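Below, each chain spelled out in residue letters.
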Amino acid sequence: HSRCAPSTSTTCTNRGGLSCNAPSVSNYQTTFFASGSAAKSAPACALECERSKGCIEATYSDTYKFCRLFGLPFVPQCSSWGAGWGQTSTYGCTAAAITTPLPTLVTTQLTAPVPTPVSTPMPTTTPTPTPTVAFCLPGQALSASTAAGWSCIVAGGASTGDSNFGYDKAKCDSD
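Residues numbered from 1 in each chain as written. Predicted model: local features only at pLDDT ≥ 70, side-chain atom pairs only at ≥ 80, totals over all residues. Heavy atoms only, no water.

**Concerning the sheet that holds strand 1 (residues 8-16)**
What holds strands together in a sheet is hydrogen bonding between their backbones, with the strands either parallel or antiparallel.
Here's step 1: An order of 1-7-4-5-3 is seen for the five strands of this open sheet, with the pairing classed as antiparallel. Across the chains shown, the open sheet's two edge strands, defined by having one partner strand only, are strand 1 and strand 3 (32-34). Taking each pair of neighbouring strands and ignoring which way they run, the sheet shows an average axis angle of 30°.
Here's step 2: Sheet topology places strand 4 (residues 57-61) next to strand 7 (residues 88-97); five bridges connect them, and they run antiparallel. Residue pairing across strands places Ser-61 opposite Thr-88, the latter belonging to strand 7.
Here's step 3: Lying over the sheet, helix 1 (residues 42-51) contacts strand 1, strand 3, strand 4, strand 5 (66-70) and strand 7, oriented at roughly 155° with respect to strand 4. (Pairing = 2+ DSSP bridges. Helix = DSSP H or I, 4+ residues; strand = E, 2+ residues; numbered from the N terminus. Axes fitted to C-alpha atoms, helices over the stretch in contact; angles between N-to-C directions. Contact = heavy atoms within 4.5 Å.)

**Notes on the nonpolar core**
Here's step 1: Of all hydrophobic cores here, the largest spans 17 residues; its most connected members are Cys-49, Cys-67, Leu-69 and Tyr-91.
Here's step 2: Listed by contribution, the elements that provide at least two residues to this core are strand 3, helix 1, strand 4, strand 5 and strand 7.
Here's step 3: For Leu-69, the contacting residues outside a window of four places in its chain are Phe-32, Ala-34, Cys-45, Glu-48, Cys-49, Ser-52, Cys-55, Glu-57, Ala-58 and Val-75. (Core = buried A, V, L, I, M, F, W, Y, C linked by side-chain atoms within 4.5 Å. Buried < 20%, exposed > 50% of the residue type's maximum accessible area, 1.4 Å probe, protein only.)

**Some words on the packing of aromatic side chains**
Here's step 1: All chains considered together, the criterion is met by five aromatic pairs.
Here's step 2: Feature note: the residues Phe-33, Tyr-64, Phe-66 and Trp-85 constitute an aromatic cluster, connected by ring pairs.
Here's step 3: Residue placement shows Arg-15 over the ring face of Trp-81; its charged tip is 5.0 Å from the ring centre. (Phe/Tyr/Trp six-rings, centres within 6.5 Å; stacked < 30°, edge-to-face > 60°. Lys NZ or Arg CZ within 6 Å of the ring centre and 35° of its normal.)

**Here we look at the environment of Thr-31**
Here's step 1: One can find Thr-31 in the loop between strand 2 (19-22) and strand 3.
Here's step 2: A relative accessible area of 4% places Thr-31 in the buried class.
Here's step 3: The spatial distance from the C-alpha of Thr-31 to the C-alpha of Phe-74 is 9.0 Å, given a sequence separation of 43 residues.
Here's step 4: Among residues more than four places away in sequence, those in contact with Thr-31 are Ser-24, Val-25 and Arg-68.
Here's step 5: There is a polar contact of 3.0 Å between the side chain of Thr-31 and the backbone oxygen of Ser-24.
Here's step 6: Side chain to side chain, Thr-31 and Arg-68 meet in a polar contact 3.4 Å long. (Polar contact = N/O pair within 3.5 Å; in protein donor to acceptor, adjacent residues only side chain to side chain.)

In structure tokens:
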């Protein structure tokens, strides 16, 4: 099947130690806590934001061991910053377009097999080369309406894991 190369690349940079006060951390309808390895360190939290579609900000609390992401399709961006969640690291993330070279169709040159001498000549056949599938053109998407991979969302909007960290549908269903 065909795959599309990513059209953007997101990079997060540390903006300091303030944490988001609005929306409130206790409002689970507007807060997304990343789990798994994203909740283990500030760099892992920033990487989770870089890998999450639409993420523009991430805050990691080393004191409380949580990673909050903002700007996702279902999570508003932070509107008020302040202190109060212990030792924190906050990252601002920006997406930039990737210039992708046009795909090149690769074919394989095949040669006919050498016939084996026998009393009755065998017909020879030449296999048909199979073309390889190239990447999509720049700006195309495999399916804009389908999210890639799995995210295990539980009551309150919290995540127990996602496909970036080894989760699949069976593991999500078992959790």
